[in-house]
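The lines below spell out each chain.
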Amino acid sequence: MGIGTRIAATLAGLAVVGGGVWFAGPTIAGHVIHDYLVTNPEVLNEAMDALQRKQAKAQLAGVRQSVETPFPGAVLGNPNGAVTLVEFTDYACGYCRRSLPDVAQLLAKNPDLRIVVRELPIISQHSAAAARMALAAAEQGKYHPFHDAMFAAGQLDPESIEAAAKQAGLDMERARKVAASPVVEQELSRNVDVAGRLGFSGTPSWIAGDRMISGAVGFEQLSQAVNEARGS
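First things first, this report covers the structure right here in the doc. Keep in mind that this is a model prediction, so the values were computed, not measured.

### Here we look at helix 11 (residues 182-198)
Okay, step 1: Helix length check: helix 11 (17 residues) gives 24 Å between terminal C-alpha atoms against 24 Å at 1.5 Å per residue, within 8%.
Okay, step 2: By the burial criterion, the buried members of helix 11 are Val 184, Glu 187, Leu 188, Asn 191, Val 194, Ala 195 and Leu 198. Projected onto a plane normal to the axis of helix 11, the buried residues spread over an arc of 130 degrees and lie on a single side. Exposed residues pointing more than 90 degrees away from the buried face of helix 11 are listed as Pro 182, Gly 196 and Arg 197.
Okay, step 3: Just beyond helix 11, the residue with positive phi is Gly 199, at close to 85 degrees.

### Concerning the pairing of strand 4 (residues 83-89)
Okay, step 1: By the criterion of burial, strand 4 is predominantly enclosed, with seven of the seven residues buried.
Okay, step 2: Of the two faces of strand 4, the one holding Val 83, Leu 85, Glu 87 and Thr 89 and the one holding Thr 84, Val 86 and Phe 88 are both buried throughout.
Okay, step 3: With seven bridges joining them, strand 4 and strand 5 (residues 113-119) adopt parallel strand pairing. Considered in strand 5, the bridge of Leu 85 is made with Ile 115.
Okay, step 4: Summarising the sheet, strand 4 and strand 6 (residues 205-208) pair through four bridges and their orientation is antiparallel. Within strand 6, the residue paired with Leu 85 across the bridge is Ala 208.

### Brief notes about the sheet that holds strand 3 (residues 75-77)
Okay, step 1: Taken in spatial order, the five strands make up an open sheet running 3-5-4-6-7, and their pairing is mixed. Every interior strand has two partners, whereas the edge strands, strand 3 and strand 7 (211-214), have only one. Looking at each pair of strands side by side, their axes are set apart by 20 degrees on average, direction ignored.
Okay, step 2: Taken together, the four bridges between strand 6 and strand 7 define a ladder with antiparallel strand orientation. Residue Ile 207 lies in a different strand from strand 7, and its bridge partner there is Met 212.
Okay, step 3: Sheet strands in contact with helix 12 (residues 219-231) are strand 4, strand 5, strand 6 and strand 7, and its direction is about 165 degrees off that of strand 7.

### Points about the packing of aromatic side chains
Okay, step 1: Counted under the stated rule, the structure contains three aromatic pairs.
Okay, step 2: Taking 5.5 Å as the distance between ring centres and 55 degrees as the angle between the ring planes, the aromatic pair formed by Phe 88 and Phe 200 counts as tilted. Highlighted residues: Phe 88 in strand 4 and Phe 200 in the loop between helix 11 and strand 6, separated in sequence by 112 residues.
Okay, step 3: Its relative accessible area of 0% is what places Phe 88 among the buried residues.
Okay, step 4: Its relative accessible area of 7% is what places Phe 200 among the buried residues.
Okay, step 5: Residues Tyr 91 and Phe 151 carry aromatic rings whose centres are separated by 4.8 Å and whose planes lie at 45 degrees to one another, so their mutual orientation is tilted. Taken as a pair, Tyr 91 in the loop between strand 4 and helix 5 (94-98) and Phe 151 in helix 8 (residues 143-152) lie far apart in primary sequence, 60 residues in all. Accessibility assignment for this pair places Tyr 91 and Phe 151 in one class, buried.

### Observations concerning the nonpolar core
Okay, step 1: Core analysis: the largest hydrophobic core is formed by 47 residues, its most contacted members being Tyr 91, Met 133 and Phe 146.
Okay, step 2: No other element matches the eight residues that helix 7 (residues 127-139) contributes to this core.
Okay, step 3: Each residue touching Tyr 91, except ones within four places of it in the same chain, is listed here: Arg 97, Glu 119, Ala 130, Ala 131, Ala 134, Tyr 143, Phe 146, His 147, Met 150, Phe 151 and Leu 156.
Okay, step 4: Formed by 12 residues, the second largest nonpolar core is a distinct cluster that contains Leu 60, Val 86, Val 194 and Phe 200.

### A word on the pattern of salt bridges
Okay, step 1: Within this structure, the stated rule accounts for 11 salt bridges.
Okay, step 2: Among the ionic pairs, Glu 185 bridges to Arg 132, the shortest N-O distance being 3.1 Å. In this pair, Glu 185 sits in helix 11 while Arg 132 sits in helix 7, placing the two residues 53 residues apart along the sequence.
Okay, step 3: For Arg 132, a relative accessible area of 24% corresponds to the partly exposed category.

Criteria and thresholds
Residues numbered from 1 in each chain as written. Predicted model: local features only at pLDDT ≥ 70, side-chain atom pairs only at ≥ 80, totals over all residues. Heavy atoms only, no water. Helix = DSSP H or I, 4+ residues; strand = E, 2+ residues; numbered from the N terminus. Expected span 1.5 Å × (residues − 1). Buried < 20%, exposed > 50% of the residue type's maximum accessible area, 1.4 Å probe, protein only. Arc of directions from axis to C-beta. Pairing = 2+ DSSP bridges. Axes fitted to C-alpha atoms, helices over the stretch in contact; angles between N-to-C directions. Contact = heavy atoms within 4.5 Å. Phe/Tyr/Trp six-rings, centres within 6.5 Å; stacked < 30°, edge-to-face > 60°. Core = buried A, V, L, I, M, F, W, Y, C linked by side-chain atoms within 4.5 Å. Salt bridge = Lys/Arg side-chain N within 4 Å of Asp/Glu carboxyl O.

Fair warning: the whole summary comes from geometry, so function is off the table for now.
Below, the structure is given as structure tokens:
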């Protein structure tokens, strides 16, 4: 039984017994709790936040090491940073593009931060091709330049992917081989599988410590999550 049901039962003067709800009549305790919650409604938010973190921790328990271990080179910021933020992204995602200034600000203010980027090509017919080229760029140590150039292109098609790769200075012959390799295909399949297991259905999605966040939530919320992860 969820926390909302238990609170409602208490306020209504019900007893929660063995997963069932039974009428117990008005209680003094119920009135006290009611008055306290009316005076301090933020307690409900704190309780729900604690519950969400507990659920997130349970979901991450079996995949944390895997999800925080980047595809070699697919990292923004400090590759040896003490604090990790994971971002699931798609180059066809306008909300991911909108989050770029937030990511840049996070990196500027947190020199100990590494952002592990997990390519999640789920939006466009060209998303997978861009993700493969991004991982090929990572293999050459040029992930960040390609990442920025691809989002700056403003559209996703074979021509813009090729242009972003050249702008990032990739060895194109080598990049095409890596992009078509089984290792890259396995990485993308794994990312889709892990995102599904964690309940992420869109991009951008984020993980920091025991907090899982969906959407372009802005710098302040991401910064708070990073600071909490640092302190945990």
